[in-house]
Amino acid sequence: MTHLTQRLTRFYNRFSLLLENPWLDVVALFVWGILLLKYWISGKLYILIHPNYFGLSIATGIILFILGGLKAKQIIQQSSVSSSAAVQHISLFPKGWGSLLLIITACLGLFITPQTFGAQTALKRGLTESLPVTRAQPQKFRTAIQPENRSLIEWMRLLNVNPEPDAYTDQKAKITGFVIYPPELPKNYIWLGRFILTCCAADAYPVGLPVLLPEGKSRELYPQDTWLEIEGKMFTETFNNQRKLTLKAETVKAILPPKNPYDY
């Protein structure tokens, strides 16, 4: 028991010395700078924030490097000054704890790869075939001239302008998205969806269209979260007494997930 107590005491003393080390602040600044720049270089920022904020994230990473360098310079210059002359400040955490928590969080971000949202998240957040009114600007929308050149999101915006599905009957379409299985759809239907970002992944919301698979095809051939490129024609189908614009698929092709899985 005495031996265990001594070991715990030594560990506590070493840990206390670590927390008092001023270089913890330097490490925290550098690690967070590395994390932000790594997400930018690896393309992971696309699944975290809107591209409009990339510049801010990159600038923040660079500024953190600069602050880390300035902090290191300050520590070196003050190394010969007695601790009694150091400036005292009030902190939410005991000395060293804030920097340690920042370092741990940044290290987790470096080694844990962020994942894109998938079908389960889409089902939890609720599927829609049009954009919420508060997030759309239909008066400014300009769609492609040829229907087959419209992306899935362009179809969503078009439905915001004119939600009558019969207006698009027999129009050709070629859209991409990931597979979702809403419980109300028959087995020969899937929902092809994408997430839309307005700021960051926290506010992403799913949109999409029901798809009637080619005759003889079952949705088990296309597991949830599989990315597909589907060509066909639009028609109106009724689900739970609601008329919805639906794509009648003629060709279905599996594709790799795009570098940027979200739309805006």
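Residues numbered from 1 in each chain as written. Predicted model: local features only at pLDDT ≥ 70, side-chain atom pairs only at ≥ 80, totals over all residues. Heavy atoms only, no water.

### Some points on the overall build of the protein chain
Just so we agree on the cut-off: A helix here means a DSSP run of H or I that spans at least four residues, while a strand means a run of E at least two residues long, and both kinds are numbered starting from the N terminus. Accessible area is worked out with a 1.4 Å probe on protein chains only. A residue is then buried under 20% of its type maximum, exposed over 50%, and partly exposed in between. Contact criterion: two residues are considered in contact whenever any of their non-hydrogen atoms come within 4.5 Å of each other. A 1.4 Å probe and the Shrake-Rupley method give the accessible areas. Residues count as covered only by the protein chains that appear here.
When its secondary structure is counted, the protein chain shows 6 helices and 6 strands. Helices and strands appear in the protein chain in the N-to-C order α-α-α-α-α-α-β-β-β-β-β-β. Evaluated residue by residue, the protein chain yields a buried proportion of 37% over its 264 residues. Sequence-distant contacts in the protein chain: of pairs separated by 6 or more residues, those separated by 24 or more amount to 71%. Accessible surface for the protein chain amounts to roughly 15900 Å². Of this, 59% is attributable to carbon and sulfur atoms.

### Structural notes on the nonpolar core
Selection rule: Buried Ala, Val, Leu, Ile, Met, Phe, Trp, Tyr and Cys residues form a nonpolar core when they are joined through side-chain atoms within 4.5 Å.
Counting residues in each nonpolar core, the largest one holds 25 residues, and the members touching the most others are Trp155, Leu209, Ile230 and Met234. Counting residues per element, the ones that place at least two in this core are helix H6 (152–161), strand S1 (172–180), strand S2 (189–196), strand S3 (205–212), strand S4 (227–239) and strand S5 (242–254). The leading source of residues in this core is H6, at 6 residues. Counting residues in hydrophobic clusters, the runner-up holds 16 residues, among them Ala119, Ala122, Leu197 and Leu212.

### Quick word on unusual backbone geometry
The backbone phi angle of Asp225 is positive, close to 80°, even though this residue is not glycine. Accessibility expressed as a relative area gives 40% for Asp225, which makes it partly exposed. Of note, the phi angle at Asn240 is positive, near 50°, even though the residue is not glycine. Relative to the helices and strands, Asn240 is located in the loop between S4 and S5.

### Here's the deal with a nonpolar patch on the surface
Formally: For patch building, the residue pool is restricted to those with more than 30% relative accessible area and no salt bridge; the joining distance is 9 Å between like charges and 5 Å between nonpolar side chains (Val, Leu, Ile, Met, Phe, Trp, Tyr). What counts as a salt bridge is simple: a side-chain nitrogen of Lys or Arg found within 4 Å of a carboxyl oxygen of Asp or Glu.
Residues Ile62, Ile63, Ile66, Leu67 and Leu70 make up a contiguous nonpolar surface patch of roughly 460 Å² in combined accessible area. Turning to its location among the elements, Ile62 is positioned in helix H3 (residues 54–78).

### Considerations on the packing of aromatic side chains
Applied cut-off: Stacked, edge-to-face and tilted are the three classes for Phe, Tyr and Trp ring pairs, Trp counted by its six-membered ring, which pair at centre distances within 6.5 Å; planes under 30 degrees apart are stacked, over 60 edge-to-face, the rest tilted. Put simply, a charge is over a ring when the Lys NZ or the Arg CZ is close to the ring centre, within 6 Å, and near the line of the ring normal, within 35 degrees.
This structure, assessed with the given rule, holds 9 aromatic pairs. Judged by centre distance (5.9 Å) and plane angle (85°), the rings of Trp155 and Tyr168 are edge-to-face. Note that Trp155 is positioned in helix H6 and Tyr168 in the loop between H6 and S1, a separation of 13 residues in sequence. Following the ring pairs from residue to residue traces out a cluster consisting of Phe117, Phe178, Phe195, Trp227 and Tyr262. The residue whose ring lies beneath Arg125 is Phe117, and the NZ or CZ to ring-centre distance is 4.6 Å. Cation over ring: Arg219 sits above Tyr181, and NZ or CZ is 4.5 Å from the ring centre.

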